[in-house]
Amino acid sequence: MSTSRTRRAALMAATVTAALVLAACGDSDSDSGDAGHGSSHGTSSSPSADTAAAHNAQDVSFAQGMIPHHRQALEMAGLAADRASSAEVKSLAARIEKAQDPEIKTMSGWLKSWGEEIPEAGASMPGMDHGSQSGMPGMMDDADMEMLGKASGKGFDTMFLTMMVEHHEGAVDMAETEKTKGRYAAATAMADDIITGQTAEITEMNKLLGKG
């Protein structure tokens, strides 16, 4: 798709131009702490029939979309441990993993209690390729992920941050829809946490990229 090619061209350019900015930001204080969007939602005991009934199609769509979305974020974050050169990028990646892995487990529990399909690991949404614009905004396609997987050092840092900003913006869009249209209280609460936490991380990442 042309949008994917355009994104990759922009990423390649950003890698060249922003690495110096990242280096200069190396000792800026990044005491943003834990973005705090993954702790205490939906971890209550097994849902009663009433709880299972108190959801709608939007809640199901949110969980089934956000699970693979989060999984891709974890895949991206997992690359940072031995590829990133910036301590700030490594710290951010660790916080993303800490927040989003429990959320995947929580959303999987909801879907199981509702008798709905849990997306398989490595699978995209039905009818989508790995980065299609339909359904899950902010998802990277296979070529993007391959490019990130081959990067290292400051080039990786810039590419990771640029991609993760887009990825987080997509998650925030999905969470906004859930807050507006969802019915299940734990799901709308998680959506609110995602909006707060990932918006803060977007600001942090843009600052590291020299945009904020």
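Bear in mind the structure is a predicted one, so any value in this text is a computation, not a measurement. (Residues numbered from 1 in each chain as written. Predicted model: local features only at pLDDT ≥ 70, side-chain atom pairs only at ≥ 80, totals over all residues. Heavy atoms only, no water.)

Undergrad: Sorry, what's going on with the overall build of the protein here?
TA: Along the protein, the regular secondary structure elements total seven helices and zero strands. In the protein, the succession of α and β elements from N to C terminus is α-α-α-α-α-α-α. Scored against the burial criterion, the 212 residues of the protein give a buried share of 48%. Contacts in the protein between residues far apart in sequence, at least 24 positions, make up 82% of those at least 6 positions apart. Split by element, the accessible area of the protein, about 9,900 Å² in all, is 53% carbon and sulfur. (Helix = DSSP H or I, 4+ residues; strand = E, 2+ residues; numbered from the N terminus. Buried < 20%, exposed > 50% of the residue type's maximum accessible area, 1.4 Å probe, protein only. Contact = heavy atoms within 4.5 Å. Areas by Shrake-Rupley, 256 points an atom, 1.4 Å probe, with all protein chains shown as cover.)

Undergrad: Please clarify how the confidence of the model for the protein should be interpreted in this entry.
TA: Reading fine detail from the predicted coordinates is not recommended where pLDDT is low. This prediction gives the protein a mean pLDDT of 81; 68% of its residues lie at or above 70. Overall, residues 23-45 carries pLDDT values under 50, and its contacts beyond four positions in sequence, including any with other chains, amount to 37 contacts. (pLDDT = per-residue confidence, 0-100.)

Undergrad: Mind showing me how you'd approach the side chain of Glu88 here?
TA: Position of Glu88 relative to the elements: it lies in helix 4 (residues 87-114). One buried charged side chain, Glu88, makes no salt bridge at all; its nearest oppositely charged neighbour is Arg95, positioned 8.9 Å away. (Lys, Arg positive; Asp, Glu negative; His and termini not counted. Salt bridge = Lys/Arg side-chain N within 4 Å of Asp/Glu carboxyl O.)

Undergrad: Even after reading the chapter, I still don't get the side chain of His70, so can you show me in this structure?
TA: With respect to the element layout, His70 can be found in helix 3 (residues 57-83). Residue contacts for His70: discarding those within four places in its chain leaves Gln100, Glu103, Ile104, Met107, Ile194 and Gln198.

Undergrad: What's the story with the nonpolar core in this structure? I'm lost.
TA: Grouped burial of nonpolar side chains is what soluble globular proteins tend to show. Judged by nonpolar contacts, the single largest core of 49 residues is most densely connected at Phe62, Met76, Met107, Trp110, Phe160 and Leu161. Where this core is concerned, the elements lending two or more residues are helix 3, helix 4, helix 5 (142-150), helix 6 (153-181) and helix 7 (185-208). Here this core gets eleven residues from one element, more than from any other, and that element is helix 6. (Core = buried A, V, L, I, M, F, W, Y, C linked by side-chain atoms within 4.5 Å.)

Undergrad: So what exactly am I meant to see when it comes to the packing of helix 4 against helix 6 here?
TA: In contact at an axis separation of 11 Å, helix 4 and helix 6 are set at 35° when each is read in the N-to-C sense. With respect to the hand of their crossing, helix 4 and helix 6 are arranged in left-handed fashion. From helix 4, Val89, Leu92, Ala93, Ile96 and Gln100 reach across to helix 6, where they touch Asp157, Phe160, Leu161, Met164 and His168. Here the residues of the contact of helix 4 with helix 6 sort into seven nonpolar, two polar and one charged. (Axes fitted to C-alpha atoms, helices over the stretch in contact; angles between N-to-C directions. Left-handed = near helix turned anticlockwise from the far one by under 90°. Nonpolar A, V, L, I, M, F, W, Y, C, P; charged D, E, K, R; others polar.)

Undergrad: Just checking my understanding: could you explain the environment of Asp193 for this structure?
TA: Looking at the element boundaries, Asp193 is found in helix 7. For the pair Asp193 and Val172, spaced 21 residues apart in sequence, the C-alpha separation works out to 9.7 Å.

Undergrad: Sorry, what's going on with helix 3 here?
TA: Under the 1.5 Å per step criterion, the end-to-end length of helix 3 is 40 Å for 27 residues, consistent within 8% with the ideal 39 Å. Structurally, the start of helix 3 carries an N-cap: the backbone nitrogen of Gln58 is 3.2 Å from a side-chain oxygen of Asn56. (Expected span 1.5 Å × (residues − 1). Polar contact = N/O pair within 3.5 Å; in protein donor to acceptor, adjacent residues only side chain to side chain.)

Undergrad: Honestly, the environment of Thr203 in this entry has me stumped. Any pointers?
TA: With respect to the helices and strands, the residue Thr203 is situated in helix 7. Taking relative accessible area as the criterion, Thr203 reaches 48% and is therefore assigned partly exposed. Separated by 38 residues in sequence, Thr203 and Val165 place their C-alpha atoms 8.7 Å apart.

Undergrad: So what exactly am I meant to see when it comes to the packing of aromatic side chains here?
TA: Any two aromatic rings considered together are summarised by their centre-to-centre distance and by the angle between their planes. What the rule picks out here adds up to four aromatic pairs. The interplanar angle of 85° and the centroid separation of 5.4 Å between the aromatic rings of Trp110 and Tyr184 together place this pair among those described as edge-to-face. In this pair, Trp110 is assigned in helix 4 and Tyr184 in the loop between helix 6 and helix 7, connecting sequence segments 74 residues apart. Tyr184 sits in the buried class, given a relative accessible area of 9%. Each ring, one from Phe156 and one from Phe160, has its centre 5.7 Å from the other, and the planes form 20°; the classification is stacked. Here the residue Phe156 and the residue Phe160 both occupy positions in helix 6, the gap between them amounting to four residues, near one helical turn. Taking relative accessible area as the criterion, Phe156 reaches 0% and is therefore assigned buried. Of the residues examined, Phe160 reaches a relative accessible area of 0% and is grouped as buried. The structure contains a cluster of three or more aromatic residues connected by ring pairs, namely Trp110, Trp114 and Tyr184. (Phe/Tyr/Trp six-rings, centres within 6.5 Å; stacked < 30°, edge-to-face > 60°.)

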